[in-house]
Amino acid sequence: MTRLAELRSQLQTVALRRRTARWVVGGSALVLTALWALAIFFVIDWTFSMGRFERAFTLLIAAGAMTTVYWTLARPWFNRRENEMDVALLVEKQRGIDSDLVAALQFEEPAARSWGSQELREAVIEYVTDYGKEWNLLADFPRDQMKRRAVLVGVSALAIGLAMAVWPGYAGVLMNRVLLGSRHYPTSTKICEVAIGDERFALTPYGQHDILAKRPFGTPLDFAVRCEAPAGKVSAQGTLRFQAANGLKSAVSLTPDEKQPGTYRGQLPRLVDPISFSIEVGDAWTDPAAIDVVPLPVVEMKMTATPPAYAARLGQSTRVEQTSRRQLSVFEGSRVDLDVVCPNKTLTFAVLTLGDAKFPLTRTDAEGHAWRLSADKTPLAAVSVPLHFSLDVRDQDNLAPEHPIEGTIAMEADRPPQVEMRLATRQCWPGAGPKIDFAVSDDFALSSIVLHVQVRRAGGKSTQDVNQTVWEGQGTANLGNRRELKNRFVLDLVPLKLNPGDQVAVQMEARDYRGERKGEATLSSPESLSITDRITAERAITNESDARGEQLFGDIISRLTGAEGKR
């Protein structure tokens, strides 16, 4: 430890404080420049709502100003260096001391042992040591300039900090816009949502929206803008501003919707080019959002009808294809498969609507251009009634074809069979076999003929139902040859154990053939047969035969008389 240690410590402390003061003075110039540049930037940006390019240019100017301040005002303070000797010389100058302080410091260095008289060096060091005890070098540290700069920085920072605390919404937006973000400063009117046609889009305060919507060429654009504003500050109208890709600008007024308060409506009559639009209502505005022009999907539809196998064997066409037609006539029971192709765009979904039921189509290719509806588990698996259908498709832009896809499927019905039946007599005895004449026909094929017999016992005490098969087709080949059948059937009454007074009602049922589906049945008019004794029955049969003979003879005479009269 040297004799001048305490003095050296004071000199080092003075050097440190002077270096701190220089940094404070130099840094305060930069801080003040940044704070006031930020304040000026806010005033200009809030007044003129600068875009990104204008804000970037303004920030470049601010950066240039800070660079100038650094090189002219701050850098000299930062680059100045002072050692122990420099501080000692400065103290000697400020206190009017001779050069004894510097000399003593130098004489205490190891290299000074070879300098002159040792007694002289010791005397100077001893003098400075004794006399330096009375010095307070720290009191000579200049503080005025540092204090002025610190106060100025503090006042500026406090003013800006209070403004940010009072209006925190502005502070956050300012930082965003300094970083070239797109947020807007708070406004009394708030634009919440815009609807373009049936699509709604939320508008955030972050400004720029890229392609907000896609619309087909030539369509009108209906805008509905929903806003919120304090009472008394509701704007009477707004403005839609458009700019086309070629730079052409236009504007459309937004008028309030009386039925929906806070909603403003406007229309662009026709979309011919990609455009960008912005909304202005009251003191609020939005950054431009783009609307692109895209083609509509071109949808081709093909329906393939396959008639039931039995109808094909009986002369119907084995396969019917209709391309790009929306009306199709099929035979009852036919299967109809639907294929949809969109060559110009990718479809995201396709749904067929039949009445209240909806049936989604399935993609059949990787690109989404081809879709198909399998008829399984749909009314198209076997068409039994005429159908009206509509097809809803959407492409990757959520657009539908220009015209709705609707159509009908008409049906050629497979008519039920016709049947006629007549009893040869109205009375019979219990053991007889009355004859039944019948004629049955169908437009395609017969499946079976059944006679329904109902017995009502005398006095109405009980009834009995019995079915007897009159004819039944065996095999498809036989069915194909049986479209008409005329014959006489003898009803065996013995198994019914009838007694005089009983009543027998007979009715014939004919059913047609429809392949895997159950055929339709037709019932003839019922006929009644009274059970009596044999003598009474035979007399009745004779009378019925005479009556039919007389009627036949009368018909012949009438025809002949009519023919002579004409001559």
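Residues numbered from 1 in each chain as written. Predicted model: local features only at pLDDT ≥ 70, side-chain atom pairs only at ≥ 80, totals over all residues. Heavy atoms only, no water.

**Student:** What's the story with the sheet that holds strand S13 (residues 327-331) in this structure? I'm lost.
**Tutor:** Across a sheet, strands are paired by hydrogen bonds formed along the backbone, either parallel or antiparallel in direction. Strand order across the open sheet formed by 5 strands is S13-S20-S19-S15-S16, with mixed pairing between neighbours. On the outer flanks of this sheet lie S13 and strand S16 (357-360), each paired with one strand and no other. Across the sheet, the mean angle from the axis of one strand to that of its neighbour is 25 degrees, orientation sign disregarded. Looking at chain direction, strand S15 (residues 347-354) and strand S19 (residues 387-395) are connected through 7 bridges and run antiparallel. Along S19, the bridge assignment pairs Val351 with Asp392. (Pairing = 2+ DSSP bridges. Helix = DSSP H or I, 4+ residues; strand = E, 2+ residues; numbered from the N terminus. Axes fitted to C-alpha atoms, helices over the stretch in contact; angles between N-to-C directions.)

**Student:** I'm lost on the packing of aromatic side chains in this one. Help?
**Tutor:** For the structure shown, the criterion picks out 7 aromatic pairs. Here Tyr70 and Trp71 contribute two aromatic rings whose centre-to-centre distance is 5.8 Å and whose plane-to-plane angle is 85 degrees, an arrangement assigned as edge-to-face. (Phe/Tyr/Trp six-rings, centres within 6.5 Å; stacked < 30°, edge-to-face > 60°.)

**Student:** Looking at this structure, I do not really get the sheet that holds strand S26 (residues 484-490). What am I missing?
**Tutor:** Overall, antiparallel pairing links the 3 strands, which are arranged S21-S23-S26 in an open sheet. Whereas interior strands pair on both sides, the edge strands pair on one side only; in this sheet they are strand S21 (418-423) and S26. Put simply, the sheet's adjacent strands are angled 15 degrees from each other on average, direction ignored. The sheet contact formed by S21 and strand S23 (residues 435-441) spans 6 bridges and is antiparallel. Bridge assignment links Leu423 to a residue of S23, and that residue is Ile436.

**Student:** What's the story with the pattern of salt bridges in this structure? I'm lost.
**Tutor:** Two side chains with opposite charge may pair up if their charged atoms get near one another. Here the structure, examined in full by the defined rule, presents 22 salt bridges. Of the charged contacts in the structure, one is a salt bridge between Arg372 and Asp339, with a shortest N-O distance of 2.6 Å. Here Arg372 is found in strand S18 (residues 370-373), whereas its partner Asp339 is found in strand S14 (residues 335-341), with 33 residues between them in sequence. Overall, the relative accessible area of 17% leaves Asp339 in the buried class. A single salt-bridge network, built from bridges that share partners, covers Arg335, Asp337, Asp339, Arg372 and Asp376. (Salt bridge = Lys/Arg side-chain N within 4 Å of Asp/Glu carboxyl O. Buried < 20%, exposed > 50% of the residue type's maximum accessible area, 1.4 Å probe, protein only.)

**Student:** I tried to follow the side chain of Asp395 on my own but got confused; where do I start?
**Tutor:** As for its placement among the helices and strands, Asp395 is situated in strand S19. Among the polar contacts listed, one links the side chain of Asp395 to the side chain of Lys345, at a separation of 2.7 Å. (Polar contact = N/O pair within 3.5 Å; in protein donor to acceptor, adjacent residues only side chain to side chain.)

**Student:** Just to check I follow, could you spell out the pairing of S16 for this structure?
**Tutor:** Two faces belong to every sheet, and in a regular strand the side chains alternate between them. For S15 and S16, the ladder comprises 4 bridges, and the chain directions are antiparallel. Looking at the pairing, Val351 lines up with Pro360 of S16. Counted along the chain from S15 to the antiparallel partner S16, the turn is 2 residues long, and its residue Gly355 has a positive phi close to 65 degrees.

**Student:** Is there a simple way to think about the pairing of strand S5 (residues 238-244) in this case?
**Tutor:** Of all 7 residues in S5, 5 are buried, a share of seventy percent or more. With 6 bridges connecting them, S5 and strand S6 (residues 249-256) associate as antiparallel partners. Across the sheet, residue Arg241 finds its bridge partner in S6, namely Ala251. Where S5 folds back on S6, the antiparallel hairpin that results is connected by 4 residues, among which Gly247 adopts a positive phi of roughly 95 degrees. In the sheet, S5 pairs with strand S8 (residues 275-281) via 7 bridges, with the strands oriented antiparallel. Among the inter-strand pairings, Leu240 is bridged to a residue of S8, identified as Ile279.

**Student:** In this structure, what is going on with the nonpolar core? I would like to understand it.
**Tutor:** Nonpolar side chains tend to gather and get buried jointly when the protein is soluble and globular. Ranked by size, the top nonpolar core spans 30 residues in total, and within it Leu451, Val453 and Met508 carry the most contacts. Elements with a contribution of two residues or more to this core: S21, S23, strand S24 (446-456), strand S25 (463-472), S26, strand S27 (503-512) and strand S29 (527-531). In this view, Val453 contacts Gln464, Asp465, Val466, Leu491, Leu496, Val504, Ala505 and Val506; residues no more than four positions away in its chain are not counted. Ala305, Val330, Leu338 and Val393 belong to the second largest nonpolar core, which has 27 residues in total. (Core = buried A, V, L, I, M, F, W, Y, C linked by side-chain atoms within 4.5 Å. Contact = heavy atoms within 4.5 Å.)

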